[in-house]
Amino acid sequence: MGQKLVGILLNAAMHGGVPRLQTGQESLSNYEEAAAAYGLTPCFLKLSDIDTQSGFSRAYIKGSQGYRRHVVPTPEVIHNRAIYDQGSSGVQRLLLQGIQVYNTCNRYGKDHIQGLLEQNQELSGHLPVTSAGVSGLKEMMESYPDLILKPCRGSVGNGVMRLTRSSARRWNWSYSPSGSRRWFTVPVYQDALPGTLRGRLNSVPYLVQERIPLAEISGRPFDLRVTVQRGWGGEWQVTGMFAKLAAPGGFVSNIARGGEALSPSFALEKAFPGEAAARIRMSVLSLSLAIARELEQSLPGLADIGLDIGITNQGHIYFIECNGRDQRYGFKKAGLSALWKDSYRRPMGYARYLFEEAARHNSY
């Protein structure tokens with residue numbers, strides 16, 4: 001395979017850390033190894049360094065002296081790992097130049113994803129009952145004793161709250177101040193919700209969902225993060241999964257909020273008998289692929305997602321959330337180093353596929 005440049009698009013803060021090898025949870029060495037396996041050389045870009053008029057960009061490329069910036073022809077294929085909403089003008093300029101950007105957008109509202117999946121009758125049975133805002137909350141409080149409230153644009157569990165009925169009109173409200181891992185629980189009354197709670201729901205769009213009674217390990221609920229990616233050949237595949245176990249006393253499993261990453265086999269076999277654990281695992285794989293294929297019909301450029309999948313004690317499987325920029329480090333924290341590397345290798349395989357498809361098209 002001929003050596004080609006593949007772009008890795010980062011946000012400005014992470015891009016600035018490339019020469020110091022300080023890129024947070026993104027592994028530069030994994031990108032180098034994965035790209036090399038497909039005859040590619042990764043170059044690390046930020047949007048402001050891409051000049052669509054000249055066709056050249058400034059990018060970090062690894063050499064004998066480490067990462068240095070070079071002026072290079074803008075790569076024909078770019079893997080987006082920066083956070084951009086749908087319709088980003090900068091990304092659109094790249095697409096109009098004929099540059100293939102995959103994971104074009106990687107921040108989708110939870111309400112948007114929920115709405116897309118609700119249109120598929122087979123998938124709708126795997127979705128929790130959902131409403132929105134203060135009016136939706138009041139309706140849901142009449143029907144369900146345990147509710148999860150989460151911001152449509154929130155990430156890593158920030159802003160998530162829980163309401164649990166304690167008596168006919170009295171509830172316990174659990175929340176965490178912004179930036180804190182501590183949880184506070186206070187009593188509230190259904191007919192007189194506190195201004196702070198209503199203020200949160202009015203300040204940003206919120207989803208209100210029935211809380212899925214997740215399977216537990218030693219009283220701690222867990223769910224599964226399933227990484228679904230396109231690779232060489234272009235087809236969706238499940239790269240792997242790991243379990244996310246909530247912190248003691250907590251109800252969110254996000255690793256950034258104190259959750260713990262575990263092997264999925266360990267978690268499932270702790271919670272379910274052997275045959276049931278195997279059946280659930282296969283069902284989770286099948287559901288995850290079906291979700292990816294459904295979403296790709298409405299979300300152009302989708303190629304790399306992380307799905308949170310919950311399982312009840314009875315073994316019913318629910319879709320919880322879609323992450324457009326999957327945080328792959330959970331594999332490493334769960335001791336699944338080979339899968340961690342695979343989660344970088346597969347997107348680089350997809351980049352090679354896009355190069356080959358373009359060459360095939362241009363040869364006609």
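Quick note: structure is the one above.
The rules behind these values
Residues numbered from 1 in each chain as written. Predicted model: local features only at pLDDT ≥ 70, side-chain atom pairs only at ≥ 80, totals over all residues. Heavy atoms only, no water. Axes fitted to C-alpha atoms, helices over the stretch in contact; angles between N-to-C directions. Helix = DSSP H or I, 4+ residues; strand = E, 2+ residues; numbered from the N terminus. Parallel < 35°, antiparallel > 145°, perpendicular 65-115°, else oblique. Left-handed = near helix turned anticlockwise from the far one by under 90°. Contact = heavy atoms within 4.5 Å. Nonpolar A, V, L, I, M, F, W, Y, C, P; charged D, E, K, R; others polar. Salt bridge = Lys/Arg side-chain N within 4 Å of Asp/Glu carboxyl O. Buried < 20%, exposed > 50% of the residue type's maximum accessible area, 1.4 Å probe, protein only. Core = buried A, V, L, I, M, F, W, Y, C linked by side-chain atoms within 4.5 Å. Pairing = 2+ DSSP bridges. Lys, Arg positive; Asp, Glu negative; His and termini not counted. Polar contact = N/O pair within 3.5 Å; in protein donor to acceptor, adjacent residues only side chain to side chain.

Visitor: Help me out: how do you make sense of the packing of helix 2 (residues 28-36) against helix 11 (residues 337-362) in this one?
Guide: Each pair of packed helices can be described by the angle between their axes along with the distance between the axes. At their nearest, the axes of helix 2 and helix 11 sit 8 Å apart, and the two run at 50 degrees to each other. The angle between the axes of helix 2 and helix 11 places the two elements in the oblique class. Here helix 2 and helix 11 pass one another in a crossing that is right-handed. Of the residues in helix 11, those touching helix 2 at Asn30, Tyr31, Glu33, Ala34 and Ala35 are Trp340, Lys341, Tyr344, Arg345 and Met348. Considered class by class, the residues forming the contact of helix 2 with helix 11 number 6 nonpolar, 1 polar and 3 charged.

Visitor: How should I be thinking about the pattern of salt bridges in this particular structure?
Guide: Opposite charge on two side chains allows them to pair when their charged atoms are near. With the rule as written, the count across this model stands at 20 salt bridges. Between Glu33 and Arg345 there is a salt bridge, with its nearest N and O atoms 3.4 Å apart. Of this pair, Glu33 sits in helix 2 while Arg345 sits in helix 11, placing them 312 residues apart in sequence. Here Arg345 falls in the partly exposed class, since its relative accessible area comes to 24%. With a closest N to O distance of 2.9 Å, Asp326 and Arg225 form a salt bridge. Of this pair, Asp326 sits in the loop between strand 19 (317-323) and helix 10 (329-333) while Arg225 sits in strand 15 (residues 220-230); the two residues are 101 residues apart in sequence, bridging distant segments of the chain. As far as burial versus exposure is concerned, Asp326 and Arg225 are alike and both buried. In this structure, a network of salt bridges that share partners links the residues Asp223, Arg225, Lys244, Asp308 and Asp326.

Visitor: Quick question: what am I supposed to make of the nonpolar core here?
Guide: One broad trend across soluble globular proteins is that nonpolar side chains are buried collectively. Ranked by size, the top nonpolar core spans 39 residues in total, and within it Ile291, Leu295, Ile309 and Phe319 carry the most contacts. Broken down by secondary-structure element, the contributors of at least two residues to this core are helix 4 (110-118), strand 15, strand 16 (236-245), helix 8 (264-271), helix 9 (274-296), strand 18 (304-311) and strand 19. Top element by residues in this core is helix 9. It accounts for 9 residues. Formed by 31 residues, the second largest nonpolar core is a distinct cluster that contains Leu10, Met14, Leu40 and Ile255.

Visitor: I keep staring at the pairing of strand 15 and nothing clicks. Help me out?
Guide: Regular strands place their side chains on alternate faces of the sheet. Within strand 15, 11 of the 11 residues are buried, which leaves the element mostly enclosed by the surrounding structure. Side chains Arg220, Phe222, Leu224, Val226, Val228 and Arg230 project from strand 15 onto one buried face, and the interleaved Pro221, Asp223, Arg225, Thr227 and Gln229 project onto a second face that is buried too. Taken together, the 2 bridges between strand 14 (residues 216-217) and strand 15 define a ladder with antiparallel strand orientation. Of the residues in strand 15, the one forming a bridge with Ile217 is Arg220. Between the end of strand 14 and the start of strand 15, which pair antiparallel, lie 2 residues, with Ser218 showing a positive phi angle near 55 degrees. Bridging between strand 15 and strand 16 involves 9 bridges; their strand directions are antiparallel. Looking at strand 16, one finds that Arg225 is bridged to Phe242.

Visitor: Can you walk me through the side chain of Glu32 in this structure?
Guide: With respect to the helices, strands and loops of the structure, Glu32 is situated in helix 2. Lys62 is the oppositely charged side chain nearest to the buried, salt-bridge-free Glu32, at an N-O distance of 5.8 Å. At a separation of 2.6 Å, a polar atom in the side chain of Glu32 contacts the side chain of Tyr67. Once you skip the residues sitting within four places of it in the chain, Glu32 turns out to touch Pro42, Phe44, Lys62 and Tyr67.

Visitor: Sorry if this is basic, but what is going on with the sheet that holds strand 8 (residues 130-132) here?
Guide: Within a beta sheet, neighbouring strands are joined by backbone hydrogen bonds and run either parallel or antiparallel to one another. The sheet built from 6 strands is open, its strands ordered 8-13-9-10-11-12 with antiparallel pairing. Sheet topology places strand 8 and strand 12 (184-189) at the edges, where each strand pairs with a single neighbour. Sheet twist, expressed as the average angle between the axes of neighbouring strands with direction ignored, equals 25 degrees. Here strand 11 (residues 170-175) runs beside strand 12; their pairing, made up of 6 bridges, is antiparallel. In the strand pairing of strand 12, Trp171 is matched with Val188. Across the sheet, helix 4 lies against strand 8, strand 9 (146-151) and strand 13 (206-210), angled at about 50 degrees from strand 13, the strand it touches most. Relative to strand 10 (residues 161-165), helix 7 (residues 195-203) is tilted by about 130 degrees, and along the sheet it contacts strand 9, strand 10, strand 11 and strand 13.

Visitor: What's the story with the pairing of strand 4 (residues 56-63) in this structure? I'm lost.
Guide: Direction of pairing for strand 3 (residues 50-51) relative to strand 4: antiparallel, over a ladder of 2 bridges. Within the sheet, the bridge partner assigned to Asp51 lies in strand 4 and is Phe56. Joining the antiparallel neighbours strand 3 and strand 4 is a turn of 4 residues, in which Gly55 adopts a positive phi near 85 degrees. Relative to strand 5 (residues 66-73), strand 4 runs antiparallel, the two being bridged by 8 bridges. From the neighbouring strand, Ser57 faces strand 5, where its bridge partner is Val72.

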